[in-house]
Amino acid sequence: MSAKPIALQHLPADLDKERLPDHVAVIMDGNGRWAKGRSLPRVMGHQKGVDTLKDLLRCCRDWGIPALTAYAFSTENWGRPIEEVQFLMTLFERVLRKELSDMMKEDVCIRFIGNLSSLPPSLQEEIFRSMKDTEKNTGIQFTVATNYGGREEITHACKSIAAKVQQGLLKVEEINELTIDDHLYTKGLPSPDLLIRTSGEMRLSNFLLWQLAYAEIYVTPTLWPDFDRSQFHQALISYQSRERRFGKL
Ligand code: FPP
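Residues numbered from 1 in each chain as written. Predicted model: local features only at pLDDT ≥ 70, side-chain atom pairs only at ≥ 80, totals over all residues. Heavy atoms only, no water.

Caption draft 1: Expanded view of the site of the ligand. In the vicinity of the ligand lie 17 residues, with Asp29, Gly32, Arg33, Arg42 and Arg80 positioned nearest. Interatomic distance of 3.0 Å between a backbone N/O atom of glycine 32 and an oxygen atom of the ligand. Here an oxygen atom of the ligand and a side-chain polar atom of arginine 42 are 2.8 Å apart. Its free accessible area being 640 Å², the ligand has 90% of it covered by the protein chains. At the level of elements, α1 (31–36), α2 (42–63) and α3 (82–105) are the ones that each hand at least two residues to the shell around the ligand. Considering each element in turn, the shell around the ligand owes the most residues, 5 residues, to α2. Tallied by class, residues from the shell around the ligand come to 7 nonpolar, 6 polar and 4 charged. (Near = heavy atom within 4 Å. Polar contact = N/O pair within 3.5 Å; in protein donor to acceptor, adjacent residues only side chain to side chain. Areas by Shrake-Rupley, 256 points an atom, 1.4 Å probe, with all protein chains shown as cover. Helix = DSSP H or I, 4+ residues; strand = E, 2+ residues; numbered from the N terminus. Nonpolar A, V, L, I, M, F, W, Y, C, P; charged D, E, K, R; others polar.)

Caption draft 2: Layout of the nonpolar core. Core analysis: the largest hydrophobic core is formed by 45 residues, its most contacted members being Val26, Leu68, Phe142, Ile196 and Phe232. Per-element accounting of this core gives the leading share, 8 residues, to α3. In contact with phenylalanine 142, other than residues within four places in its own chain, are Leu53, Leu57, Leu68, Ala70, Val108, Cys109, Ile110 and Arg111. Judged by nonpolar contacts, the second largest core, of 12 residues, contains Ile113, Tyr148, Leu212 and Ala215. (Core = buried A, V, L, I, M, F, W, Y, C linked by side-chain atoms within 4.5 Å. Buried < 20%, exposed > 50% of the residue type's maximum accessible area, 1.4 Å probe, protein only. Contact = heavy atoms within 4.5 Å.)

Caption draft 3: Geometry of the environment of alanine 235. Assignment of secondary structure puts alanine 235 in helix α7 (residues 229–240). Of the residues examined, alanine 235 reaches a relative accessible area of 0% and is grouped as buried. Along the backbone, alanine 235 and valine 219 are 16 residues apart, and their C-alpha atoms lie at a distance of 8.5 Å. Ignoring anything within four residues of it in the chain, the contact list for alanine 235 reads Leu194, Ile196 and Tyr218.

See the structure below:
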């Protein structure tokens with residue numbers, strides 16, 4: 001993370017600090033199109049996307065938003081060309097190794113969610129190291145969904161709950177929504193209040209299917225590498241202009 005001065009360092013005056021989301025989730029879409037538009041290889045879009053994510057994380061911390069979750073790699077992304085998948089795995093590993101000391105300095109607690117056991121072993125090592133080293137940090141909760149799929153997560157939770165019932169540790173009548181919450185990869189994390197998706201697609205793409213039940217959704221045509229603090233500002237203005245009713249009148 002560089003130390004260069006950043007525009008919109010502080011919370012813009014037209015945002016109400018009492019009504020900020022506690023948790024923002026992002027679907028970082030449009031990296032490939034961003035690169036294509038510049039006649040660059042697709043992977044350069046992912047490379048640039050890392051800088052965007054780093055600044056958004058820092059922005060959330062600067063503006064007082066305590067949790068950010070980013071969709072880095074879905075269970076479906078294995079279907080991309082092998083070179084792109086390998087680039088992404090190496091990129092995650094390199095970024096984690098490079099950023100760990102800054103995450104410590106900036107008090108970031110990082111957590112990975114998803115089916116981590118099928119990731120390359122060297123990446124798993126960096127993931128577990130970064131989670132362990134930052135687990136006591138309290139500045140901001142940063143969650144990275146990697147080899148993540150909402151349906152896979154719910155299936156995994158159902159299996160864990162069923163196993164507990166089978167072992168006599170839990171009764172069927174005791175199962176409620178909190179039981180499900182407690183068996184998801186996101187256990188302990190509040191549900192996102194705001195989901196941002198870049199590049200104009202109006203889909204959830206299997207992201208946090210349970211947790212996004214009451215989230216406000218903000219879709220922008222901006223491609224992920226171009227999503228900056230002023231774009232985030234616009235997303236928060238839109239969020240604060242909405243009336244959240246949670247199904248009530
Ligand atoms: C979607 O754009 C983006 C991805 C599948 C990868 C996003 C990953 C990063 C930005 C790196 C994050 C790094 C860490 C360490 C968390 P796309 O390729 O689908 O774009 P397109 O729709 O234009 O083709």
